[in-house]
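# Overview (structure and organization)
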Number of protein chains: 2
Amino acid sequence: MISIEARQKLIEIVGPENFDDTKVGLLVYSYDATPQFQAMPEAVIAPRNTEEISKVLKLCNEYKIPIVPRGSGTNLCAGTCPTEGGIVLLFKHLNKILEIDEENLTVTVQPGVITLDLTIAVEEKGLFYPPDPSSMKISTIGGNINENSGGLRGFKYGVTRDYVLALEIVLANGEIIRTGGKLAKDVAGYDLTRLFVGSEGTLGIITEATLKLIPKPETKKTILAHYIDLEAAAKSVSKIIASKIIPTTLEFLDQPTLEAVEAFAQIGLPTDAKAVLLIEQDGPAEIVAKDIERIIEICKSENAVSVEAAKTEEEAEALRTARRAALSALARLRPTTILEDATVPRSEIARMVKAINEIAEKYKLWICTFGHAGDGNLHPTCLTDTRNKEEIERVEKAFEEIFAKAIELGGTITGEHGVGVMKAPYLEMKLGQAGIAAMQAIKSSLDPNNIMNPGKIFAKETRKRVVVSK
Amino acid sequence: MISIEARQKLIEIVGPENFDDTKVGLLVYSYDATPQFQAMPEAVIAPRNTEEISKVLKLCNEYKIPIVPRGSGTNLCAGTCPTEGGIVLLFKHLNKILEIDEENLTVTVQPGVITLDLTIAVEEKGLFYPPDPSSMKISTIGGNINENSGGLRGFKYGVTRDYVLALEIVLANGEIIRTGGKLAKDVAGYDLTRLFVGSEGTLGIITEATLKLIPKPETKKTILAHYIDLEAAAKSVSKIIASKIIPTTLEFLDQPTLEAVEAFAQIGLPTDAKAVLLIEQDGPAEIVAKDIERIIEICKSENAVSVEAAKTEEEAEALRTARRAALSALARLRPTTILEDATVPRSEIARMVKAINEIAEKYKLWICTFGHAGDGNLHPTCLTDTRNKEEIERVEKAFEEIFAKAIELGGTITGEHGVGVMKAPYLEMKLGQAGIAAMQAIKSSLDPNNIMNPGKIFAKETRKRVVVSK
């Protein structure tokens, strides 16, 4: 509970216009993009600068008030749901691109910048910021850093972590630290930069970031390959990589996803195919042409029913947009959509998709699968209805089996969505008790009063996942 | 002090043939490649497997015995000097390449594998492990991971950190954890993998690592450009990058270094040049040819006196070897060589080299500078003599000013050598008190008894650097 005294001090720090504890104001921030999770905060604040955030954290630390930093709330792990009440902290005043440094190939931003705006701004200078999470039109870069977001170009270019060079961070005790620099090499002490990337707001608040850029690839080509069976698609992926080609994008969609996307986007996708690969390569024109030619050969030799290259950039963009729309397309079909991101070594994709289908059948559930084949990062998506308690119990069991299978195949319970509340009960499968204990020790050392986004990453006693909080 | 009881238990764990506390045995491991640091350990052990290491750490934790994991001891920060006594732990039994996975593009190794052996083994399969520290013929991969080693290819390909996908770690309490996987994407909790990379053996002992590989570049070309002034060389670097070319290697040598290298290697380097750039590009043949042509144009337009392309692979290798030999070449000239690695944003290189020269002149010291221009990672190298106390005092003052200048220009006190004992007194310049406090909190949380390589990274009261310990 926020005392009257603490409330008054908060208002003094951020100004009354940046403090809201009206019922409607709180309701808006009681949930994020994750289905099934809702909890009311006690206040929503929008500090104007780092110093205000420092004062807010000092106050929260003194009064033991939970604080949840929140970008656009597009995460899928209930990472920004204020499950323990307290304050939701918004970055609407920290939303500027501070500098694009063309000599050092960096961009310095405040956390509230929208990912797509950043992407566009640097591309105008002939530079490139590769991470492209599906939510990039809405998500903030601060959210991306806290979740270590992936995207469709991850196979070739890596994830958000690979592009964060420096951070300004306000620690739980209110101290402001700066990590890293415009430096490719920096080994002055522990790698706090990367410890904070993906820490889901549980260790401190990121207030500024310097990101690495690369030259914008000269050209890009897109192809679509259809298969009548899954194994053939998986074999194509293996063979492309065995040929020492690293495509930018290697996306996989199964038949149910394909049908849903086509119904949604209507761009003439072959809904009779059992699996589709969306493959892109970028780089110098002559290399892209050579790689694409070789990829087409490989897909054909692995029994692709058809392989089509996008003829125009509009056609290519339509294909990419269709893939990005997969979640929205599936979400229309039943009341509740639970999107997971079990991830396996790329060599295990066919086995994993087969296992998902068998598990879906066993529990009589509707599960569609799409994802990033190059990364082994799959998105089994269950179309269900939370009002049906009996069905939801089956969903729980099915996902537990899916995660166990991913771990068995050398994979992980989450490739790019984060742990949040949703995956916390399963974290031990991946890390073991000793691994979780090590992470909890780090958490306690930096946030002894557990004010930073409490209840995330580390599970309480319950093993149940789909729970409406509070 | 290791008690008789603890000694007996250690021998039981590793076997008498893997335990040594003879005076001569201890002496060998009383120093590493860092000049000026020596301290006697109380025992040297070589466990045969992870389980033995776990037992050793449990014992050390119980008896509060310092333990220093050591690869080949090639580090330049006294990181493996047992300054607080205790045990030096060797990896001579953990020296196997366990698997090269061509489908997932990974290699799994034990920490004692020599870096060059790893490089050769994967290249035989058409794969490529980019990090190439100058010590790679002798250094172990475990040492590289603990120091987050860089190398000559860092500008294009990044450093060791960027290639570590998974670790097996024995924590200070003896628990064995596994982080990451053969996975490009994994956000299951905090990034322990990267927290341990570069942690200099202060958080636990790495007993296995899975590293990312990439396809081996098709071809490589090497050129050498000579300049009569430093600014022209720096401008060439800026202009190459502004042209959106990212060369594999962009090495810089100043005139004194050049002279020393030529005297050592005798390959006909132009010793009258004030600065030399060694530039390499790799990749598909047609792109390399185009890039190299453009780089030559740029160097010429920026007043390079001459630009020569290596005509044969032998010629190119001679140039690379000469650059790698810089430290050895300089080390011949005076009794003591102190090699530093102050690092700045690449745009600040000319300013930094100018400042180094001015500081050398001010303190009447012989400082040669070479390094990785693409990364802004410079190696000002002081040729001195520790027996001359008055001169060494000037060396101290000069390096303190060099570090201060690097920080002022947005850089860091160490780009790739690590903190160890040597840089510990300067760490606060980079991180501030709050940054150091955060790192110390993490250290204490994972190693509460401070048994893991104690005395490294975090300075004691002294600010003096060149001190013979104990």
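Quick caveat, the model's predicted, so the values are computed rather than measured.

## Description of the side chain of Thr207 of chain B
All names here are of chain B.
- Among the structural elements, Thr207 can be located in strand 10 (residues 204-212).
- Here Glu168 takes part through its side chain, which lies 2.7 Å from a polar atom of the side chain of Thr207.
- Not counting residues up to four positions away in its chain, the partners in contact with Thr207 are Thr50, Ile53, Leu94, Gln110, Pro111, Glu168, Ile169 and Val170.

## Some details on the UniProt feature "domain: FAD-binding PCMH-type" (unreviewed entry) in chain A
- UniProt's entry tags residues 37-216 of chain A with the feature "domain: FAD-binding PCMH-type" (unreviewed entry), counted in the numbering of this structure.
- With 22% helix and 26% strand, residues 37-216 of chain A has its two end C-alpha atoms placed 39 Å apart.

## Digging into the domain arrangement of chain A
All names here are of chain A.
- Examined at the domain level, chain A breaks down into domain 1 (4-90), domain 2 (97-215), domain 3 (219-264 + 275-322) and domain 4 (334-417).
- Here the C-alpha centre of domain 4 lies 32 Å away from the C-alpha centre of domain 1.
- Contacts between the two partners involve four residues from domain 1 and, on the opposite side, six residues from domain 4.
- Buried area between domain 1 and domain 4, summed over both chains or domains, comes out near 410 Å², and the portion from carbon and sulfur atoms is 63%.
- In terms of surface lost to domain 4, no three residues of domain 1 exceed Pro35, Gln36 and Leu76, which account for 88% of the buried area on that side.
- Inspection of the domain 1/domain 4 interface yields zero salt bridges.
- Seen at the junction of domain 1 and domain 4, the total is one residue pair in polar contact (both at pLDDT 80 or more).
- In the side of domain 1 that touches domain 4, the residues fall into three nonpolar, one polar and no charged.

## Points about the interface of chain B and chain A
- With 78 residues of chain B at the contact, the number on the chain A side is 78 residues.
- On the chain B side of the interface with chain A, the three residues burying the most area are Lys185, Val187 and Tyr190 of chain B, jointly 16% of the side's total.
- Linking chain B with chain A are eight salt bridges, by the criterion used here.
- The residue Lys185 of chain B makes a salt bridge to Asp375 of chain A at a minimum N-O spacing of 2.9 Å.
- For the pair chain B and chain A, the number of links is 27 residue pairs in polar contact (both at pLDDT 80 or more).
- Within the residue set of the side of chain B that touches chain A, elements represented by two or more residues are strand 9 (176-180), helix 7 (192-196), helix 8 (230-242), helix 10 (285-301) and helix 15 (427-446) of chain B.
- Here the side of chain B that touches chain A takes twelve residues from helix 15 of chain B, the largest share from any one element.
- Partitioning the side of chain B that touches chain A into residue classes produces 33 nonpolar, 25 polar and 20 charged.

## Describing the sheet that holds strand 2 (residues 43-45) of chain B
Residues and elements named next belong to chain B.
- Taken together, the four strands give an open sheet; going across it, the order is 1-2-4-3, and neighbouring strands pair in mixed fashion. Lying at the two open borders of the sheet, with one neighbouring strand each, are strand 1 (19-20) and strand 3 (67-70).
- Pairing of strand 3 with strand 4 (residues 87-90), which is carried by four bridges, proceeds in the parallel orientation. Looking at strand 4, one finds that Val68 is bridged to Val88.
- Together, strand 2, strand 3 and strand 4 form the strand contacts of helix 3 (residues 50-63), whose direction differs from that of strand 3 by roughly 150 degrees.

## Description of the environment of Thr222 of chain B
Residue and element names in this part refer to chain B.
- Tracing the sequence through the fold places Thr222 in strand 12 (residues 219-227).
- Owing to a relative accessible area of 4%, Thr222 belongs among the buried residues under this scheme.
- If near-sequence neighbours (up to four positions away) are discounted, Thr222 is found in contact with Leu278, Ile279, Glu280, Glu308, Ala309, Ala310, Ala316, Leu319 and Arg320.
- A distance of 2.5 Å separates a polar atom in the side chain of Thr222 from a polar atom in the side chain of Glu280.

## Quick look at the relation of the copies chain B and chain A
- Once chain B is rotated about the relating axis by 180 degrees and shifted along it by 0.0 Å, it coincides with chain A to within an RMSD of 0.0 Å. In symmetry terms, the pair is related by a two-fold rotation axis.
- A shared binding surface is used by both copies, with 100% of the interface residues of chain B retained as interface residues in chain A.

## Points about the pairing of strand 6 (residues 106-109) of chain A
Residues and elements named next belong to chain A.
- Along strand 6, one buried face is formed by Thr106 and Thr108 and the opposite face, lined by Val107 and Val109, is buried too.
- Where strand 5 (residues 97-101) meets strand 6, four bridges bridge the pair, whose relative direction is antiparallel. Residue pairing in the sheet places Asp101 in a bridge with Thr106 of strand 6.
- Where strand 5 folds back on strand 6, the antiparallel hairpin that results is connected by four residues, among which Leu105 adopts a positive phi of roughly 55 degrees.
- Two strands pair when backbone bridges link them, and strand 6 and strand 10 (residues 204-212) are joined in this way by four bridges, in the antiparallel orientation. Residue pairing for strand 10: Val109 is matched across the bridge by Ala209.

## Side note on the sheet that holds strand 6 of chain A
All names here are of chain A.
- Within the open sheet, the five strands sit side by side as 5-6-10-8-9. Their pairing is antiparallel. Across the chains shown, the open sheet's two edge strands, defined by having one partner strand only, are strand 5 and strand 9 (176-180). Pairwise comparison of adjacent strand axes, ignoring direction, gives a mean angle of 15 degrees for this sheet.
- Running at roughly 45 degrees to strand 8 (residues 164-171), helix 3 (residues 50-63) makes contact with strand 8, strand 9 and strand 10 of the sheet.

Thresholds applied
- Residues numbered from 1 in each chain as written.
- Chains lettered and ligands numbered in written order.
- Predicted model: local features only at pLDDT ≥ 70, side-chain atom pairs only at ≥ 80, totals over all residues.
- Heavy atoms only, no water.
- Helix = DSSP H or I, 4+ residues; strand = E, 2+ residues; numbered from the N terminus.
- Polar contact = N/O pair within 3.5 Å; in protein donor to acceptor, adjacent residues only side chain to side chain.
- Contact = heavy atoms within 4.5 Å.
- UniProt positions renumbered as here; feature names shortened; annotations may be inferred.
- Domains from an automatic or database assignment.
- Buried area = accessible area lost by both parts, 1.4 Å probe.
- Salt bridge = Lys/Arg side-chain N within 4 Å of Asp/Glu carboxyl O.
- Nonpolar A, V, L, I, M, F, W, Y, C, P; charged D, E, K, R; others polar.
- Pairing = 2+ DSSP bridges.
- Axes fitted to C-alpha atoms, helices over the stretch in contact; angles between N-to-C directions.
- Buried < 20%, exposed > 50% of the residue type's maximum accessible area, 1.4 Å probe, protein only.
- Least-squares fit on C-alpha atoms with pLDDT ≥ 70 in both.

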